[in-house]
Amino acid sequence: MSDIQKVKHQIISWSSSFKGDVELPLLDMINTGKMVRARLVLIIAGESIKSIKLASIIEMIHFASLLHDDVIDESSIRRGESSVNARFGNKSAIMLGDLMYSKAYFELSNFEIEVIQSISNAVCMLSLGEMIDEKLGGSFNSDDDIYMDMIYKKTSSLIESSAYCAGIISNTNPNRLKAYGRNIGIAFQVVDDLLDIVASDEDLGKPSMVDFQNGKSTLPYIYLYKASNNEEKKFLLSCFKKTLDNISQNKLSSLFQKYGILKKTYLLVTSLIEKAQINADGNVELIKISKKISENVHCHMQ
Ligand code: FPP
Ligand code: MG
């Protein structure tokens, strides 16, 4: 069994204690996706009972946060499939999230205090990040500092903490690994923002060009707003939270093109990846993960 399969096995084994109280079809929805956070833990700390447990705890927390996020975002699709809320309703999705999160915390209590505090702090941050994201959805936000703070909290904090905690349990430069995790975490979200604009529905496993429609003024839109003249700014604001027809979508695309916004955003991704790599201290696998993040969007940038 590969180390990642061992993580999946651990999560299923912990969750199987809920059988009887939780309907089996709901338990079967426990889906761990790409497991970036678990992979980081295993690369840094190597395979051991402790690292498999840490990786499982982090993936359970991440899964719980996505269950809640899909309820908050009223999303019916997750990873190309019907979301838990779409299939079983909001109540079940929230309760399954609570269960996964609480079990993860129970298991976390066996770890050293630095690990417990780092993960607890990351969960506070990701909850705050989600709140800020929700608040920002009220009107167009043109402040990139506020946006970067939000994505650090919502997306990067748990990735940062995964790398840091793996460093703690294996005694390998936790603070440098933390910086590595923070930078790939932010890059990961900015790539997600770019993919919403440049990738197809099939590539994404969900509809594309929906962030702006859903009230998310992501980084490319903030950059576009700042670069635009008054008339273009007005047009951009008129598109916020609207379902766009083809004419408006094409106009938006040509504005992105006119000001080189996607390239500018991509350059930020590459600089974040470079910063991450400096802190990877030559770990080939960590460098590979960081490269993969920018490659995901690079193929769409030609
Ligand atoms: C995805 O954002 C959401 C997150 C990364 C974090 C969500 C956090 C919470 C709901 C706080 C609750 C936490 C726990 C542990 C229960 P997105 O909507 O931008 O991304 P998406 O396209 O993947 O949905
Ligand atoms: Mg969401």
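Look up: the structure comes first, before these words.
Notes on the structure in this doc start here. In this text, all values refer to a predicted model and were calculated from it rather than measured experimentally. (Residues numbered from 1 in each chain as written. Chains lettered and ligands numbered in written order. Predicted model: local features only at pLDDT ≥ 70, side-chain atom pairs only at ≥ 80, totals over all residues. Heavy atoms only, no water.)

### Structural notes on the packing of aromatic side chains
Part 1 of the argument: The final tally for this structure, using the stated rule, is 7 aromatic pairs.
Part 2 of the argument: Aromatic side chains Phe140 and Phe240 sit 5.8 Å apart centroid to centroid with 80° between the ring planes, which places their arrangement in the edge-to-face category. With Phe140 in the loop between α7 (113-136) and α8 (144-170) and Phe240 in the loop between α12 (230-239) and α13 (246-258), this pair connects stretches of sequence that are 100 residues apart.
Part 3 of the argument: When its relative accessible area of 15% is taken as the criterion, Phe140 is described as buried.
Part 4 of the argument: A relative accessible area of 9% means that Phe240 is categorised as buried.
Part 5 of the argument: Each residue in the set Phe140, Phe212, Tyr221, Tyr225, Phe240 and Phe256 is aromatic and connected to the rest through ring pairs, giving one cluster.
Part 6 of the argument: Between Lys178 and the ring centre of Tyr164, over which it is positioned, the NZ or CZ distance is 5.2 Å.
Part 7 of the argument: In this structure, Lys251 packs its charged tip against the face of Phe235, placed 4.2 Å from the ring centre. (Phe/Tyr/Trp six-rings, centres within 6.5 Å; stacked < 30°, edge-to-face > 60°. Helix = DSSP H or I, 4+ residues; strand = E, 2+ residues; numbered from the N terminus. Buried < 20%, exposed > 50% of the residue type's maximum accessible area, 1.4 Å probe, protein only. Lys NZ or Arg CZ within 6 Å of the ring centre and 35° of its normal.)

### So, empty space enclosed by the protein
A probe matching the size of a water molecule, rolled over the atoms, marks out where space remains unfilled.
Part 1 of the argument: The tally for this structure, following the rule as stated, stands at 1 cavity of 30 Å³ or more.
Part 2 of the argument: A volume near 40 Å³ is recorded for the largest cavity.
Part 3 of the argument: Lining the largest cavity are Asp133, Leu136, Asn141, Tyr147, Met150, Gly215, Lys216 and Ser217.
Part 4 of the argument: Put simply, the parts of the chain that give the lining of the largest cavity at least two residues each are α7 and α8.
Part 5 of the argument: Residue composition of the lining of the largest cavity, by class: 3 nonpolar, 3 polar and 2 charged. (1 Å grid on protein atoms, 1.4 Å probe; cavity = no way out; pocket = protein on both sides within 12 Å on 5 of 7 lines; lining within 4 Å. Points joined across faces, edges and corners; volume = space filled by probe spheres on them. Nonpolar A, V, L, I, M, F, W, Y, C, P; charged D, E, K, R; others polar.)

### Some details on the coordination of the magnesium ion (ligand 2)
Part 1 of the argument: Protein-derived coordination of the magnesium ion (ligand 2) comes from Asp69 (OD) and Asp73 (OD), at a distance range of 2.0 to 2.1 Å.
Part 2 of the argument: On the basis of relative accessibility, which here comes to 29%, the residue Asp73 falls in the partly exposed class. (Donors = N, O, S within 2.8 Å, 3.2 Å for Na, K, Ca; no water.)

### Things to note about the environment of Gln10
Part 1 of the argument: Relative to the assigned elements, Gln10 resides in helix α1 (residues 3-15).
Part 2 of the argument: Under the relative-accessibility criterion, Gln10 is labelled buried at 15%.
Part 3 of the argument: When the C-alpha positions of Gln10 and Glu23 are compared, they lie 19 Å apart, and in sequence the two are 13 residues distant.
Part 4 of the argument: Excluding its chain neighbours within four sequence positions, the residues that come into contact with Gln10 are Ile52, Lys53 and Ser56. (Contact = heavy atoms within 4.5 Å.)

### Some words on the nonpolar core
Part 1 of the argument: Leu54, Val115, Ile119 and Tyr221 are the most contacted members of the largest nonpolar core, which totals 94 residues.
Part 2 of the argument: In terms of residue count, α8 provides more of this core than any other element does, 12 residues in total.
Part 3 of the argument: Among residues more than four places away in sequence, those in contact with Ile119 are Leu54, Ile58, Ile61, Tyr105, Leu108, Ser161 and Cys165. (Core = buried A, V, L, I, M, F, W, Y, C linked by side-chain atoms within 4.5 Å.)

### Observations concerning helix α14 (residues 261-278)
For an α-helix, 3.6 residues make a turn, and residues three or four places apart therefore share a direction.
Part 1 of the argument: For α14, with 18 residues, the first-to-last C-alpha span of 26 Å sits near the 26 Å given by 1.5 Å per residue.
Part 2 of the argument: Those residues of α14 hidden inside the fold are in contact with α9 (174-198), α11 (219-227), α13 and α15 (284-298). (Expected span 1.5 Å × (residues − 1).)

### A few points about the pattern of salt bridges
Part 1 of the argument: For the structure shown, the criterion picks out 14 salt bridges.
Part 2 of the argument: The shortest N-O distance in the salt bridge between Lys153 and Asp149 comes to 2.9 Å. Residue Lys153 and its partner Asp149 are located together in helix α8, separated by 4 residues, close to a single helical turn.
Part 3 of the argument: With relative accessibility at 16%, the residue Lys153 sits in the buried group. (Salt bridge = Lys/Arg side-chain N within 4 Å of Asp/Glu carboxyl O.)

### A closer look at the layout of surface pockets
Part 1 of the argument: In this structure, the second largest pocket spans a volume of roughly 290 Å³.
Part 2 of the argument: Taken together, 14 residues line the second largest pocket, and the ones lying closest to its centre are Phe256, Gln257, Leu262, Lys263 and Met301.
Part 3 of the argument: Mapped by element, the contributors of at least two residues to the lining of the second largest pocket are α9, α13 and α14.
Part 4 of the argument: Element by element, the count of residues in the lining of the second largest pocket is highest for α14, at 4 residues.
Part 5 of the argument: Considered class by class, the residues forming the lining of the second largest pocket number 8 nonpolar, 5 polar and 1 charged.

### Comments concerning the environment of Ala45
Part 1 of the argument: Locating Ala45 in the fold gives a position in helix α3 (residues 36-45).
Part 2 of the argument: Excluding anything up to four places from it in sequence, Ala45 contacts Ser51, Ala166, Ile169 and Ser170.

### Quick notes on the side chain of Ser83
Part 1 of the argument: The topology assignment puts Ser83 in the loop between β2 (81-82) and α5 (84-88).
Part 2 of the argument: Residue classification places Ser83 among the buried positions, given a relative accessible area of 1%.
Part 3 of the argument: A distance of 2.8 Å separates polar atoms of two side chains, one belonging to Ser83 and the other to Asn85. (Polar contact = N/O pair within 3.5 Å; in protein donor to acceptor, adjacent residues only side chain to side chain.)

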